[in-house]
Amino acid sequence: MLFCMHVSKANTADSSRSVQVGDSVMISVCPAKGYTYLQYYQKTRFTNINATYNKTTGEDFYEYFFLDGDFDAKALPCSYGGKKYRIISIRTMVDKNTGADRPVMFLDLGPNTVAWVELNGAVEAVEVFLE
């Protein structure tokens, strides 16, 4: 899946470009109020140790990571800001309240740890951007 993101120079969006699984994005330096559109998820228990997903396309990542086992979730800590992270998966979710599409991107933060990025809000707020 491709998603169009703004290319930012000094936090000013000046054009757009498509990104896909395997590309990298920057997480901005943490805003004073913390991140609004970025969540931290760490998988603490896998119930199906043989589960897998397509690492090339990101297909089935959501099912692999979120549908079994346990994980800790919280707002993304500021210590992750100002760094580049690889895109694991991009998926369109459906908003339970409005029925609208919600593009979501998952970033690799380390072993069994991902950032859940609400793309529309995160791009608009420049919480994530392309170099």
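Residues numbered from 1 in each chain as written. Predicted model: local features only at pLDDT ≥ 70, side-chain atom pairs only at ≥ 80, totals over all residues. Heavy atoms only, no water.

A. Expanded view of the nonpolar core. One finds I27, L38, L76, M105, L107 and V117 to be the most contacted residues of the largest nonpolar core, which totals 22 residues. Not counting residues up to four positions away in its chain, the partners in contact with L107 are V25, I27, Y85, R86, I87, I88, T113, V114, A115 and V117. One finds Y53, Y62, I88 and F106 within the second-largest nonpolar core, a separate group that totals 13 residues. (Core = buried A, V, L, I, M, F, W, Y, C linked by side-chain atoms within 4.5 Å. Buried < 20%, exposed > 50% of the residue type's maximum accessible area, 1.4 Å probe, protein only. Contact = heavy atoms within 4.5 Å.)

B. Local environment of the side chain of S28. For S28, the position within the fold is in the loop between β3 (24–27) and β4 (38–45). Take S28: its relative accessible area is 7%, and that puts it in the buried class. In contact with S28, not counting residues within four places along its chain, are Y35, G81, G82, V126, E127 and F129. (Helix = DSSP H or I, 4+ residues; strand = E, 2+ residues; numbered from the N terminus.)

C. Spatial organisation of the pattern of salt bridges. The full count for this structure, using the stated rule, is six salt bridges. Between K43 and D68 there is a salt bridge; the shortest N-O distance is 3.4 Å. Pair noted here: K43 is in strand β4 and D68 is in the loop between α1 (61–66) and β5 (70–75), with a separation of 25 residues, a long-range link. D68 shares its class with K43; the two are buried. A salt bridge links D70 to R45, with the nearest nitrogen and oxygen atoms 2.6 Å apart. In this pair, D70 sits in strand β5 while R45 sits in strand β4, placing the two residues 25 residues apart along the sequence. (Salt bridge = Lys/Arg side-chain N within 4 Å of Asp/Glu carboxyl O.)

D. Up close: the packing of aromatic side chains. Applying the stated criterion to the full structure yields 20 aromatic pairs. Seen in terms of ring centroids, F46 and Y64 are 5.8 Å apart; in terms of plane orientation they differ by 40 degrees. Their pairing is tilted. Within this pair, whereas F46 is found in the loop between β4 and α1, its partner Y64 is found in helix α1, the two being separated by 18 residues in sequence. The exposure class of F46 is partly exposed, given its relative accessible area of 24%. Here K43 stacks its cationic end above the ring of F46, 4.8 Å away from the centre of that ring. Just above the ring of Y53 sits the side chain of K55; from NZ or CZ to the centre is 4.5 Å. (Phe/Tyr/Trp six-rings, centres within 6.5 Å; stacked < 30°, edge-to-face > 60°. Lys NZ or Arg CZ within 6 Å of the ring centre and 35° of its normal.)

E. How the structure looks around the sheet that holds strand β8 (residues 113–118). With antiparallel pairing, seven strands are arranged side by side in an open sheet as β5-β4-β8-β7-β6-β3-β9. Edge positions in the sheet fall to β5 and β9 (128–129), since each of these pairs with one other strand and no more. Across four bridges, β3 lies against strand β6 (residues 83–94) in antiparallel orientation. Residue pairing for β6: M26 is matched across the bridge by K84. (Pairing = 2+ DSSP bridges.)

F. Molecular detail of the state of the cysteines. Across all of its chains, the model carries one disulfide by this definition. A disulfide bridge connects C30 with C78, and the sulfur atoms are separated by 2.0 Å. Within this pair, whereas C30 is found in the loop between β3 and β4, its partner C78 is found in the loop between β5 and β6, the two being separated by 48 residues in sequence. Taking the relative accessible area as the measure of exposure, C30 reaches 19% and is therefore buried. Owing to a relative accessible area of 46%, C78 belongs among the partly exposed residues under this scheme. (Disulfide = S-S within 2.5 Å.)

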